[in-house]
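Residues per chain, in single letters:
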Amino acid sequence: MAENIHRALDVDSHALRIVHRINELGSITAAARSLGYSQPAVSQHLKRLEARLGLPLVAKAGRGVRLTEAGRILARHAATVTQALDAAAGELSDLAGLRSGRVTLAAFPSASATVIPTLLRGLSQRHPGVQLNYLEAEPPEAVRAVRDQAADLAITFSYTGDQADPHRQSAQGLTVVPLWRDEMLVVVPREHPLAGQDRIDLALLAGEPWIGGCPRCRAHLLDLAARSAFTPSISYETDNVVAVFGMVAAGLGVALVPALAIAASPLPAGIVARPTASGDFRTIHLVGTEGAESIPAVAATIRAIGEIDAAPWSLVEAGRAPMPHTPVAAHAR
């Protein structure tokens, strides 16, 4: 019996990928769609492997399916096996001149209008055979996509001075490389008494109504305000930075936004942006799994990201020191 199982697993990497996707997506149809197979082909793969193993791998569960204990064992090991196979295939592709390959990248919204188009253009010019798929997601979801193998790489951000910043915990066990520093800016109406200052001390805005951005941006505002011994009165909350600017222009409050958000959505007339007196910033990171750079298409994407000139968006290159207790990819640049 054990010998039959070893022989079955030696010859069916396709089935391993299928079992892994069924475990992720909960149905044979969804697994087939994500892998580019037909549903009958996936069912046949499973039946052949079950016959060779002598063990059932899936069982019906309502309208979908669930993995049996044997299926869960395969799914647990499938990620490691398929990553090793992808790395081997990638090295062979590299020998052929990197004429093929597919990379999925996740990044947050303000990067979508700035970093990502530049990356897509540069990568397509240098490696036209590499297909880069893009997934827009805020950092927690982007990190989760890398961990779940729904994305190969993620561009994320963190407020490293915040006590409750979730990025350090969520990215544990992944490779995290700091790319750029993104300065935080206070946005006020042009007629505001502090609008003429080169830098604005947040403590001077303690009595102002505030417009909060995304949940992590609001948390950062609260953390910065606490350091200045006040609690901001957040009158409005929106993830839409254009809406934030419109509210400031209407005199409804002041806001704190990163420079990249202004690069993605320029300020309308009637408002100005000034750095904080404390020189506050967020750090933009590249996140991937350890060893992901051994896959040539991923390595090419990492190199392309490292070569981006971010100065037009007012980003400053970050130091290459890793986050605490986090390994750094050797080929990040």
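Residues numbered from 1 in each chain as written. Predicted model: local features only at pLDDT ≥ 70, side-chain atom pairs only at ≥ 80, totals over all residues. Heavy atoms only, no water.

**Student:** How should I be thinking about the pattern of salt bridges in this particular structure?
**Tutor:** Where charged atoms from two side chains of opposite charge approach closely, those side chains can pair. If you walk through the whole model with that rule in mind, you get six salt bridges. Among the ionic pairs, Arg126 bridges to Glu307, the shortest N-O distance being 2.7 Å. Here Arg126 is found in helix H7 (residues 115-126), whereas its partner Glu307 is found in the loop between helix H13 (296-306) and strand E12 (315-317), with 181 residues between them in sequence. Glu307 sits in the partly exposed class, given a relative accessible area of 48%. A salt bridge links Asp223 to Arg227; the nearest nitrogen and oxygen atoms lie 2.5 Å apart. With a gap of four residues between them, Asp223 and Arg227 both fall in helix H10 (residues 215-227), about one helical turn apart. Residue classification places Asp223 among the buried residues on the basis of a relative accessible area of 15%. Overall, the relative accessible area of 47% leaves Arg227 in the partly exposed class. (Salt bridge = Lys/Arg side-chain N within 4 Å of Asp/Glu carboxyl O. Helix = DSSP H or I, 4+ residues; strand = E, 2+ residues; numbered from the N terminus. Buried < 20%, exposed > 50% of the residue type's maximum accessible area, 1.4 Å probe, protein only.)

**Student:** In this structure, what is going on with the packing of aromatic side chains? I would like to understand it.
**Tutor:** Where two aromatic rings form a pair, the distance of their centres and the angle of their planes describe that pair. Enumeration according to the criterion identifies two aromatic pairs in this entry. On the basis of an interplanar angle of 85 degrees and a centroid distance of 5.0 Å, the ring pair of Phe108 and Phe157 is categorised as edge-to-face. Of this pair, Phe108 sits in the loop between strand E3 (102-107) and helix H6 (109-112) while Phe157 sits in strand E5 (residues 153-158); the two residues are 49 residues apart in sequence, bridging distant segments of the chain. Of the two residues, Phe108 and Phe157, both sit in the buried class. Here Phe157 and Tyr159 contribute two aromatic rings whose centre-to-centre distance is 5.7 Å and whose plane-to-plane angle is 70 degrees, an arrangement assigned as edge-to-face. For Phe157, a relative accessible area of 2% puts it in the buried group. Among the residues examined, Tyr159 registers a relative accessible area of 2% and is labelled buried. (Phe/Tyr/Trp six-rings, centres within 6.5 Å; stacked < 30°, edge-to-face > 60°.)

**Student:** Just checking my understanding: could you explain the packing of helix H2 (residues 13-25) against helix H4 (residues 39-53) for this structure?
**Tutor:** Axis angle and axis distance: for two packed helices, these are the angle between their axes and the distance between the axes, and together they describe the pair. Where H2 contacts H4, the two axes come as close as 10 Å, and the packing angle between them is 110 degrees. It follows from the interaxial angle that H2 and H4 lie roughly perpendicular. You can see that H2 and H4 cross each other, and the crossing is left-handed. Of the residues in H4, those touching H2 at His14, Ala15, Ile18, Val19 and Ile22 are Val42, His45, Leu46 and Leu49. For the contact of H2 with H4, the class distribution of residues is seven nonpolar, two polar and no charged. (Axes fitted to C-alpha atoms, helices over the stretch in contact; angles between N-to-C directions. Parallel < 35°, antiparallel > 145°, perpendicular 65-115°, else oblique. Left-handed = near helix turned anticlockwise from the far one by under 90°. Contact = heavy atoms within 4.5 Å. Nonpolar A, V, L, I, M, F, W, Y, C, P; charged D, E, K, R; others polar.)

Honestly, it's all geometry; don't read function into it.
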